[in-house]
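Close look at the chain arrangement
The primary structure of each chain is shown beneath.
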Amino acid sequence: MSQKDKALHIIQRLREDGHEAYLAGGCVRDRLLGREPKDYDVATAAAPRAVQSLFPDTVDVGSQFGSIVVLVEGEPFEVTTFRSDGPYRDGRRPEHVRQGTLEDDVRRRDFTINAMMYDPAEDRVIDLVEGREDLARGLVRAIGDPHERFAEDRLRMVRAVRLACGLGFAIDGPTVQAIQDHAAAVTQVAWERIGAEITRTLTEGGARRGFELLDETGLLEVILPEIAAMKGCEQTPDYHPEGDVFVHTLMLLGHLDAPTETLAYGCLLHDVAKPPCRQPAGERVTFYGHPEKGAEMATEILQRLKRSRAVAERVAWLVRCHLRYTQAPKMRLSTLKRFLAEDGIHELLELCRIDALSSNGDLGYYDFCRQKLAELGEKEVKPEPLLRGRDLIRLGYAPGPAFSAMLQAVEEAQLEGELRTAEDAVDWVLERYPRG
Ligand code: ATP
Ligand code: MG
């Protein structure tokens, strides 16, 4: 069964038992847009207990909020009971929810385009809030009074931006105005949820627009003040004809095409330390130390956004190394090989390419690295070691701290192309290091 058929199966089963049930929310929106939905959610009049009793395989993911996950052939579907939300006191979630009608359930959703239901029996879209018109106009619009809706749940402000950039939509004027008024309070919601929306803003298309919208709505200043600080941070025009650091960073985001999370954050954060490192020097300005300081700042920012440790480490490395490739033509062969053998080298070079395209367009250093990588090949860049510790012991050297220095010297000579075989390496070592 396809994902959609499985969802329809759930709806049919609920109806056989006498409960109203529909496809709801994002999947209805995506199907009307001709996009493949990420997941199919079901809304129903059946209470959570009834849902649990109708299906053999369920997970209680939040029955107090009316949500049960039903597994069909191992695939999870969220089945949510029609509800109306009780009062919101913390700007995050309702104190309690009550079972409600279809109409209640539509009105507690965030945006008109997310609030449509689809009735498969009659092949009919149920649209109580002009969601179809907004889809056709390309508009993200809060349901009801946007001020109230953002006061209820602050996360909706970031969702508005993420939806608008992902779909290439605008945000309706009064909805933008309300976000501007409430932006400072966005930190009332868990950073985990903010971080997830920011990551989707960066990786699901329209990242540049997304960050322009975060800026326009005032959310950027609150969530990522370090990025907002790039505005007006002027650079020397011959290297950076495009303008200040913010303009430059937006241009990088404009080049992202279905990026990994780490490449996207690498682009966003590569120059994050330019504002604190900026020093005027006569006609010019310098930013000494910004890659190192930037790596520290990136780590801190990604911790704030609750990204994984692996992501934070890789991004910090990208930021720290983002200028190294300009040294490549001057590197000793062994240094160049070690650089090209780094784990994230392809991601780093992609960042460098996008960085160059977003300033003076000079791809010379990038092309040099790519060419060397192709010319040398993986084996040559990261060869099997010619000697290991056990070989040194066999040759009669006493194990100890000197070993690693000897092995490193052998590796160096190997990478420089001076040593090709294990026999050569043995002679080379015996000649240089006395035994005993
Ligand atoms: P996608 O899954 O493609 O991100 P989606 O619209 O399905 O888009 P989800 O986060 O899966 O987004 O949420 C499912 C539905 O639940 C939404 O379409 C919306 O109707 C509702 N919803 C989600 N988050 C909120 C919220 N914070 N406030 C009100 N309604 C929400
Ligand atoms: Mg969804």
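Some points on the overall build of the protein chain
Across its full length, the protein chain carries 23 helices and 13 strands. Expressed as lengths along the three principal axes of its C-alpha atoms, the size of the protein chain is roughly 90 × 60 × 35 Å. Sequence separation of 24 or more characterises 64% of the internal contacts of the protein chain that already satisfy a separation of 6 or more. Total accessible area on the protein chain stands at roughly 20,500 Å², and carbon and sulfur atoms take up 47% of it. Separation of charge centres in the protein chain, based on 57 positive and 73 negative side chains, amounts to 2 Å.

Focus: the side chain of threonine 80
Mapped onto the fold, threonine 80 is located in strand E5 (residues 75-81). The residues touching threonine 80, leaving out its near neighbours within four places in the chain, are Val42, Ala43, Thr44, Phe65, Gly66, Ser67 and Arg108.

Quick word on the pairing of strand E1 (residues 21-24)
Residues Ala21 and Leu23 line one face of E1 and the alternating positions Tyr22 and Ala24 line the opposite face, and both faces are buried. Relative to strand E8 (residues 117-119), E1 runs antiparallel, the two sharing 2 bridges. Among the inter-strand pairings, leucine 23 is bridged to a residue of E8, identified as tyrosine 118.

Side note on the sheet that holds strand E4 (residues 67-72)
Taking strand neighbours across the sheet as the criterion, the 7 strands line up as E3-E4-E5-E2-E1-E8-E9 in an open arrangement whose pairing is mixed. On the outer flanks of this sheet lie strand E3 (58-62) and strand E9 (124-126), each paired with one strand and no other. For this sheet, the mean inter-axis angle between neighbouring strands, taken without regard to orientation, is 35°. Bridge count for E3 against E4 is 4 bridges, and the pairing is antiparallel. Across the sheet, threonine 58 pairs through a bridge with valine 70, a residue of E4.

Considering the environment of alanine 43
Considering the arrangement of structural elements, one finds alanine 43 in strand E2 (residues 41-44). The exposure class of alanine 43 is buried, given its relative accessible area of 0%. Each C-alpha atom of the pair alanine 43 and valine 79 lies 5.8 Å from the other, and the pair is 36 residues apart in sequence. Ignoring any residue separated from it by four or fewer positions in sequence, one finds alanine 43 in contact with Glu20, Ala21, Tyr22, Ala24, Thr80, Phe82, Asp105, Arg109 and Met117.

Some details on the site of ligand 1
Contacts to ligand 1 come from 15 residues, most closely from Arg29, Asn114, Asp153, Arg156 and Arg200. The separation between a nitrogen atom of ligand 1 and a polar main-chain atom of aspartate 110 is 3.2 Å. Arginine 159 is positioned such that a nitrogen or oxygen atom in its side chain is 3.0 Å from an oxygen atom of ligand 1. Calculation on ligand 1 without its partners gives an accessible area of 590 Å², and the protein chains cover 81% of this total. Going through the elements one at a time, helix H2 (26-32) and helix H7 (155-167) are the ones with two or more residues in the shell around ligand 1. The greatest single-element share of the shell around ligand 1, amounting to 3 residues, is contributed by H7. Split by residue class, the shell around ligand 1 holds no nonpolar, 3 polar and 12 charged.

Some words on the pattern of salt bridges
According to the stated counting rule, one finds 41 salt bridges in the structure shown. When the shortest N-O distance is used, the salt bridge between glutamate 375 and lysine 372 registers 3.4 Å. With glutamate 375 and lysine 372 both in helix H20 (residues 364-381) and 3 residues apart, this pair spans about one turn of that helix. Since its relative accessible area comes to 52%, glutamate 375 is described here as exposed. Through salt bridges that share partners, Arg149, Glu152, Asp153, Arg156 and Arg193 make up one connected network.

Section: unusual backbone geometry
Here the phi dihedral of alanine 258 falls at roughly 45°; this positive angle occurs in a residue that is not glycine. With respect to the helices and strands, alanine 258 occurs in the loop between helix H13 (245-254) and helix H14 (261-269). Under the relative-accessibility criterion, alanine 258 is labelled exposed at 69%. A positive phi is found at lysine 306, a non-glycine position, where the angle reads about 55°. A relative accessible area of 45% means that lysine 306 is categorised as partly exposed.

Focus on the nonpolar core
Core analysis: the biggest nonpolar cluster contains 106 residues, and Leu14, Ile198, Phe211, Leu224 and Leu269 have the highest contact counts within it. Ranked by the residues each element gives to this core, the list is headed by H7, at 8 residues. Filtering out sequence-adjacent residues up to four positions away, phenylalanine 211 remains in contact with Ile198, Thr201, Leu202, Leu220, Leu224, Phe246, Leu250, Leu253 and Leu268. In terms of nonpolar packing, the next biggest core, distinct from the first, is built from 14 residues, Tyr397, Ala413, Leu419 and Trp428 among them.

A word on the packing of aromatic side chains
Counted by the stated rule, this structure contains 2 aromatic pairs. Measuring from ring centre to ring centre gives 6.3 Å for tyrosine 22 and phenylalanine 82, while their planes differ by 20°; the resulting arrangement is stacked. Highlighted residues: tyrosine 22 in strand E1 and phenylalanine 82 in the loop between E5 and strand E6 (83-85), separated in sequence by 60 residues. Centre to centre, the rings of tyrosine 325 and tyrosine 365 are 6.3 Å apart; their planes meet at 80°, and the pair counts as edge-to-face. With tyrosine 325 in the loop between helix H17 (309-321) and helix H18 (333-340) and tyrosine 365 in helix H20, this pair connects stretches of sequence that are 40 residues apart. Residue tyrosine 325 is classed as buried on the basis of its relative accessible area of 7%.

What about the domain arrangement of the protein chain?
A common way to state how big an interface is: give the accessible area lost once the parts meet. Its domain assignment divides the protein chain into domain 1 (1-137) and domain 2 (389-432). Computed from C-alpha coordinates alone, the two centres of domain 1 and domain 2 are separated by 66 Å.

Some words on the packing of helix H22 (residues 402-415) against helix H23 (residues 422-432)
Put simply, H22 and H23 touch, their axes get as near as 11 Å, and they point 130° apart. In terms of axis orientation, H22 runs oblique to H23. Read as a crossing pair, H22 and H23 show a hand that is right-handed. Touching Met406, Ala409, Val410 and Ala413 of H22 are Ala425, Trp428 and Val429, all from H23.

Definitions and limits used
Residues numbered from 1 in each chain as written. Chains lettered and ligands numbered in written order. Predicted model: local features only at pLDDT ≥ 70, side-chain atom pairs only at ≥ 80, totals over all residues. Heavy atoms only, no water. Helix = DSSP H or I, 4+ residues; strand = E, 2+ residues; numbered from the N terminus. Contact = heavy atoms within 4.5 Å. Areas by Shrake-Rupley, 256 points an atom, 1.4 Å probe, with all protein chains shown as cover. Lys, Arg positive; Asp, Glu negative; His and termini not counted. Charge placed at Lys NZ, Arg CZ, Asp CG, Glu CD. Buried < 20%, exposed > 50% of the residue type's maximum accessible area, 1.4 Å probe, protein only. Pairing = 2+ DSSP bridges. Axes fitted to C-alpha atoms, helices over the stretch in contact; angles between N-to-C directions. Near = heavy atom within 4 Å. Polar contact = N/O pair within 3.5 Å; in protein donor to acceptor, adjacent residues only side chain to side chain. Nonpolar A, V, L, I, M, F, W, Y, C, P; charged D, E, K, R; others polar. Salt bridge = Lys/Arg side-chain N within 4 Å of Asp/Glu carboxyl O. Core = buried A, V, L, I, M, F, W, Y, C linked by side-chain atoms within 4.5 Å. Phe/Tyr/Trp six-rings, centres within 6.5 Å; stacked < 30°, edge-to-face > 60°. Domains from an automatic or database assignment. Parallel < 35°, antiparallel > 145°, perpendicular 65-115°, else oblique. Left-handed = near helix turned anticlockwise from the far one by under 90°.

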